[in-house]
Amino acid sequence: YHSYQQAGKYTVTLIETNTYGCKDTATKEVIVHPSPVADFSINNPAQCFNEQNFVMSDESSVTGDSIIKRIWINGNDTVRNAKFVVRNNQQAGTSNQQLVTITSNGCSDTATKPITVYPSPISAFSINDPNQCEKEQNFVLSDQSSVMSDSITQRIWINGNDTVRNAKFVVRNN
């Protein structure tokens, strides 16, 4: 078993000698094709679920050959022969994005990078009675928002020209 440190043409020679001192020689040429270096960039590797738009661009390279195939893999999803992909995950969490590059001589390399989708809050609130008379109005607005595996760190209530921050409920009356 032998391996070469770099791409190129190499000559391999085998010299055989038997017990009588008779010799024969065989020579063959081997070619070591260059391997690609798979790499890609991600516009932002950590994004919120509701706003995610992962754009991944191939930045792979090879010297002395050309890349003819690209295979993007994320879980069970595969995209072939694209220089870049746009991806949205179906659930929050971290997953690995892979890019496999293959040269015209069949040499390949794989780059793997994690992408993270953070859970987005689900905004919801209730109103005690959305239909009230002008003189007797007493609106009670209660936050019922939630977020999986995280906590809500900021609430902003906007009501016309009035803004209230970080209140779990707001009372509006005349």
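As the structure is a prediction and not an experimental result, all values here were calculated from the model.

Reading across from one edge, β4-β10-β9-β6-β7 is the order of the 5 strands in this open sheet, with mixed pairing throughout. Looking at strand neighbours, the two that pair on one side only are β4 (46-48) and β7 (77-80), the edges of this open sheet. Strand-to-strand twist in this sheet, taken as the mean axis angle between neighbours without regard to direction, amounts to 25°. Taken together, the 6 bridges between strand β6 (residues 67-74) and strand β9 (residues 93-103) define a ladder with antiparallel strand orientation. Counterpart to isoleucine 73 in the pairing with β9 is glutamine 98.

Below, the discussion takes up the pairing of strand β15 (residues 169-173). Residue alternation in β15 divides its side chains into a buried set, Val170 and Arg172, and an unburied set, Phe169, Val171 and Asn173. Where strand β12 (residues 138-143) meets β15, 5 bridges bridge the pair, whose relative direction is antiparallel. If you follow valine 140 over to β15, its bridge partner there is valine 171.

Summarising the element assignment, serine 120 is placed in the loop between β10 (108-118) and β11 (125-127). From its side chain, serine 120 meets the backbone nitrogen of asparagine 50 in a polar contact 2.9 Å long.

Core analysis: the biggest nonpolar cluster contains 12 residues, these being Ala38, Phe40, Ile42, Phe54, Met56, Trp72, Ala82, Val85, Leu99, Ala111, Ile115 and Val117. For this core, the secondary-structure elements that each account for two or more residues are β3 (40-42), β5 (54-58) and β10. Per element, the largest residue contribution to this core is 3 residues, and it comes from β10. One finds Phe139, Leu141, Trp157 and Val170 within the second-largest nonpolar core, a separate group that totals 5 residues.

What follows covers the sheet that holds β11. Read from one edge of the open sheet, 3 strands run β11-β12-β15, paired in antiparallel fashion. Either end of the sheet is taken by a strand with one partner, and the two such strands are β11 and β15. Each neighbouring strand pair of the sheet contributes to a mean axis angle of 15°, computed without reference to strand direction. Across 3 bridges, the pairing between β11 and β12 is antiparallel. Bridge pairing in β12 links isoleucine 127 to leucine 141.

As a further point, take the pattern of salt bridges. Throughout the structure, instances matching the rule amount to 4 salt bridges. The partner of lysine 113 in a salt bridge is aspartate 39, with the nearest N and O atoms 3.2 Å apart. You can see lysine 113 sitting in strand β10 and its partner aspartate 39 sitting in the loop between β2 (23-32) and β3, a full 74 residues away along the chain. Looking at lysine 113, the relative accessible area reads 27%, which means it is partly exposed. Assessed through its relative accessible area of 28%, aspartate 39 is described here as partly exposed.

Here is what the cut-offs are and how they apply
Residues numbered from 1 in each chain as written. Predicted model: local features only at pLDDT ≥ 70, side-chain atom pairs only at ≥ 80, totals over all residues. Heavy atoms only, no water. Pairing = 2+ DSSP bridges. Helix = DSSP H or I, 4+ residues; strand = E, 2+ residues; numbered from the N terminus. Axes fitted to C-alpha atoms, helices over the stretch in contact; angles between N-to-C directions. Buried < 20%, exposed > 50% of the residue type's maximum accessible area, 1.4 Å probe, protein only. Polar contact = N/O pair within 3.5 Å; in protein donor to acceptor, adjacent residues only side chain to side chain. Core = buried A, V, L, I, M, F, W, Y, C linked by side-chain atoms within 4.5 Å. Salt bridge = Lys/Arg side-chain N within 4 Å of Asp/Glu carboxyl O.

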